[in-house]
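# Structural overview
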Amino acid sequence: ASSCRVALQRWQSGNPGARVHPHPLSLYLPPTLQKVVLILKESEHDIGPLSMAAIGALESVVTSADLNVLEEDDLVLLEQLFSMISHVVLGEEEAVGGEVNSQWKTACARVLGAVISLGLCQKNESGDATTSSSKRMNALATSLLPEILASATSPPQDSLK
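Read on for an overview of the structure. Since the model is a prediction, treat every value here as computed from it, not as a measurement.

### Side note on the environment of leucine 120
The residue leucine 120 is located in helix α5 (residues 98-120) in this model. Spatially, the C-alpha atom of leucine 120 lies 7.1 Å from that of threonine 142, the residues being 22 residues apart in sequence. Setting aside chain neighbours within four positions, we find leucine 120 in contact with Asn138, Ala141, Thr142 and Leu145.

### Section: the pattern of salt bridges
Per the stated rule, a full pass over the model turns up 1 salt bridge. Ionic pairing is found between glutamate 59 and arginine 110, a salt bridge with its closest N-O pair at 3.3 Å. With glutamate 59 in helix α3 (residues 49-64) and arginine 110 in helix α5, this residue pair connects regions lying 51 residues apart in the sequence.

### Some points on the side chain of aspartate 74
Along the chain, aspartate 74 turns up in helix α4 (residues 72-89). Reaching out from aspartate 74, the side chain makes a polar contact with the side chain of glutamine 34 at a distance of 2.9 Å. Not counting the four nearest positions on each side in its chain, aspartate 74 is found in contact with Pro30, Leu33 and Gln34.

Rules behind the numbers
- Along each chain, numbering runs from 1 in the same order as the chain's sequence is written.
- Note on the predicted model: pLDDT of at least 70 is required for a residue's local features to be given, and 80 or more for side-chain atom pairs to be given and counted; whole-chain, interface and lining totals, by contrast, use all residues.
- Excluded from the side-chain calculations are hydrogens and water; all other atoms, namely the structure's heavy atoms, are used.
- Only runs of H or I of at least four residues qualify as helices and only runs of E of at least two qualify as strands under DSSP, and these elements are numbered from the N terminus.
- Contact definition: two residues touch when any of their heavy atoms are within 4.5 Å.
- Any Lys or Arg side-chain nitrogen found within 4 Å of a carboxyl oxygen on Asp or Glu counts as a salt bridge.
- Under this definition, polar contacts are N or O atom pairs within 3.5 Å; protein pairs additionally need one hydrogen-donor-capable and one acceptor-capable atom, and for neighbouring residues in sequence, both atoms have to be side-chain atoms.

Purely geometric stuff here, so don't read any function into it on its own.
Here it is in structure tokens:
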């Protein structure tokens, strides 16, 4: 489990902790995101410990960082990466095999779930006006959600043959 997920679980169990805004590491968000994207794109068909760590880092970035500080280029990178991840979750990628494939799909599904959750409830902290990244995350979430729901309610492709 990622440290972000553990922190969120602790918060939910009654330990509110300290709320820090803006996040002290927000300056490092764009370079961190670029490195994570680079690792995941390079290891797209070679799933191993590095790609598993990178997908965990992506989950932490998505769930704990203020994505409103991202530039247009970074948002495009994120959208491309989320598209790639959705292909893994929806079963459009070839199976790597065994336990690694199961762990990889689970990690990708957690990231996709975080993206959809955040995208559907994205609001600007300073009021009703939404930022460009908030609008894009919302559009991404609303386009991914029907695909995920359709996939979850459809019979597996193997049973149709």
